[in-house]
Amino acid sequence: PLELLFKYTHLAVLSIYTKFMGICSSEEGQPSHHGRKPDKGNGRNKRGGEVRLMLIGPAQSGKSTFKKQLLRIHNGDLDVKARRDYAEAVNVNIRDAIQGLINISRTYGNGMNNSKLAYDKSLEPCAEKVMQYFKVNDEGRISREIGELISQIWEDPSIKACYKDIDDPEYNLPDSTTYFMAEINRICQSGYIPTMEDIIRVRWTTTGAPSESFEFAGYTVTLVDLGGQLSERRKWNRCIEDSKGATAVLFLGSLSGFHKKCIENQGITQLEEAFEIFKEFVPKLDENTHVILILNKFDLFREEIGNRDITDCPLLKDYKGDLRNTETTLNFIQHKFYQLYQEMRPGSLMHSHASDATHEDVVQQIFWDITDSVLRFSLKNSGFI
């Protein structure tokens, strides 16, 4: 097992890529995962080893979800106090989702005489009551009564069609809308405390470069999550300059973003944005920093290629294979990034993974693969292989 490999070769091998330089970090802007157990000392354990993984990628690529999942796997569940801190974020996700769906239905359904997207007229009083409620109550717990109305609206086939078929960045619906709508009655109960599943799935904007750690095979693994919004990316250069302190960079992009327009640049898709960011920032990394590509939201991608063509994305227009084949379409996208990487770093290793960060077992397997690929990269750079 890799864990034994790490344990018994840490002096001879892990010291090759164990580093102690800091990366610029800030803990502002989001709940912390330190509700499990406090770090001891200065973050280094008895062996004195620290492995630093820097997560970069555009907004909505799932970086924070991936980080939360890793922390959950290695540190365990958050305590009750820490989980309470996420209740408002869950409420915001639900509020944004139902308001967006109502407005989409009104715009694309009633406004364009599209009966498939127009919710049943009998739901208009419910929809209006929900909209008025959130005008007055823009924060805090959602009442049980409003939760029941939201559930009724969600069950309307036209509302679900709006969620499935309309990609309008103006409304920016959370990817976990289906999950939270299914859990709405539980969430709207008095005394609601988010579960770990709620926390993994909730969308929360990252600001700054928050870092959190876990212990693995006698080493402290520190995750540094760089915010992906355009305003946050302007701060990346300082962190990139300090990338010599990073063992590896995990670059995340959204596979399901091949057809979704960017919020901040509606002229391109989310996948194209990820490709452009990859092109811009990888050359700025230290040449000894290992780059691992994680194409996230594979579960959503697998669903969407059933009725959407990846060739509609300008980046993928030259694809000639089966448009409904998950394996060949994924391989084509991975090859696009690999080709670009080889142009920027000829002969360098880059490992790629398809991920669904909301599933613990998937992230666990990817982490094992990451430890293996980082080890191989470090050995190669040090002349051992």
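Up top you'll find the structure we're talking about.
Residues numbered from 1 in each chain as written. Predicted model: local features only at pLDDT ≥ 70, side-chain atom pairs only at ≥ 80, totals over all residues. Heavy atoms only, no water.

Moving on, we get to helix α6 (residues 124–136). The terminal C-alpha atoms of α6, which comprises 13 residues, lie 19 Å apart, in line with the 18 Å expected from a rise of 1.5 Å per residue. When α6 is considered as a whole, its buried residues turn out to be Cys-126, Ala-127, Val-130, Met-131, Tyr-133 and Phe-134. Each buried residue of α6 sits inside an arc of 160° when the element is viewed along its axis, so together they form one side. The exposed set on the far side of α6, more than 90 degrees from its buried face, consists of Pro-125, Lys-135 and Val-136. Residues of α6 that are buried make contact with α5 (87–110) and α7 (144–154). (Helix = DSSP H or I, 4+ residues; strand = E, 2+ residues; numbered from the N terminus. Expected span 1.5 Å × (residues − 1). Buried < 20%, exposed > 50% of the residue type's maximum accessible area, 1.4 Å probe, protein only. Arc of directions from axis to C-beta. Contact = heavy atoms within 4.5 Å.)

As for its placement among the helices and strands, Ser-190 is situated in the loop between α10 (184–187) and α11 (196–201). The exposed category is assigned to Ser-190, whose relative accessible area is 61%.

Relative placement of two packed helices is described by the angle separating their axes and the distance separating the axes. The interhelical angle for the contact between α5 and α6, taken along N-to-C directions, is 135°, at an axis separation of 11 Å. One element, α5, and the other, α6, form an angle in the oblique class. Viewed along their axes, α5 and α6 form a crossing whose handedness is left-handed. Residues Arg-95, Ile-98, Gln-99, Ile-102, Asn-103 and Arg-106 of α5 form the contact with α6, whose participating residues are Glu-124, Ala-127, Glu-128, Val-130, Met-131 and Phe-134. Broken down by class, the residue content of the contact of α5 with α6 amounts to six nonpolar, two polar and four charged. (Axes fitted to C-alpha atoms, helices over the stretch in contact; angles between N-to-C directions. Parallel < 35°, antiparallel > 145°, perpendicular 65-115°, else oblique. Left-handed = near helix turned anticlockwise from the far one by under 90°. Nonpolar A, V, L, I, M, F, W, Y, C, P; charged D, E, K, R; others polar.)

Further remarks concern the nonpolar core. In terms of nonpolar packing, the biggest core is built from 43 residues, with Val-130 and Ile-150 touching the most fellow members. Looking at this core, the elements that each hand over two or more residues are α5, α6, α7, α8 (157–165), α9 (177–182), α10 and α11. With nine residues, α5 is the largest single contributor of residues to this core. Apart from the residues within four sequence positions on either side, Val-130 is in contact with Ile-98, Ile-102, Ile-146, Leu-149, Ile-150 and Ile-153. Counting residues in each nonpolar core, the second largest holds 36 residues, with Leu-226, Ile-305, Leu-316 and Phe-337 among its members. (Core = buried A, V, L, I, M, F, W, Y, C linked by side-chain atoms within 4.5 Å.)

Below, the discussion takes up the pairing of strand β4 (residues 248–254). Across the seven residues that make up β4, a large majority, seven, are buried. Burial along β4 is two-sided: Ala-248, Leu-250, Leu-252 and Ser-254 and Val-249, Phe-251 and Gly-253, pointing in opposite directions, are all buried. Pairing of strand β1 (residues 50–56) with β4, which is carried by four bridges, proceeds in the parallel orientation. Looking at the pairing, Leu-55 lines up with Leu-250 of β4. Looking at chain direction, β4 and strand β5 (residues 290–296) are connected through seven bridges and run parallel. Bridging across to β5, Leu-250 finds its partner in Ile-292. Crossover β4 to β5 through helix α14 (residues 270–281) is right-handed. (Pairing = 2+ DSSP bridges. Right-handed = clockwise from strand over helix to strand, strands pointing away.)

In this section: the packing of α5 against α8. Between α5 and α8, the least distance of the axes is 9 Å, while the angle of their chain directions is 95°. In terms of orientation, α5 and α8 fall into the roughly perpendicular class. Every residue of α8 that contacts α5 at Leu-101, Ile-104 and Ser-105 is listed here: Ile-159, Cys-162 and Tyr-163. Residue composition of the contact of α5 with α8, grouped by class: five nonpolar, one polar and no charged.

Further remarks concern the pattern of salt bridges. Inspection of the entire model under this criterion finds 20 salt bridges. The residue Glu-128 makes a salt bridge to Arg-106 at a minimum N-O spacing of 3.1 Å. Note that Glu-128 is positioned in helix α6 and Arg-106 in helix α5, a separation of 22 residues in sequence. Put simply, Arg-72, Asp-77, Glu-197 and Arg-201 are held in one network by salt bridges that share partners. (Salt bridge = Lys/Arg side-chain N within 4 Å of Asp/Glu carboxyl O.)

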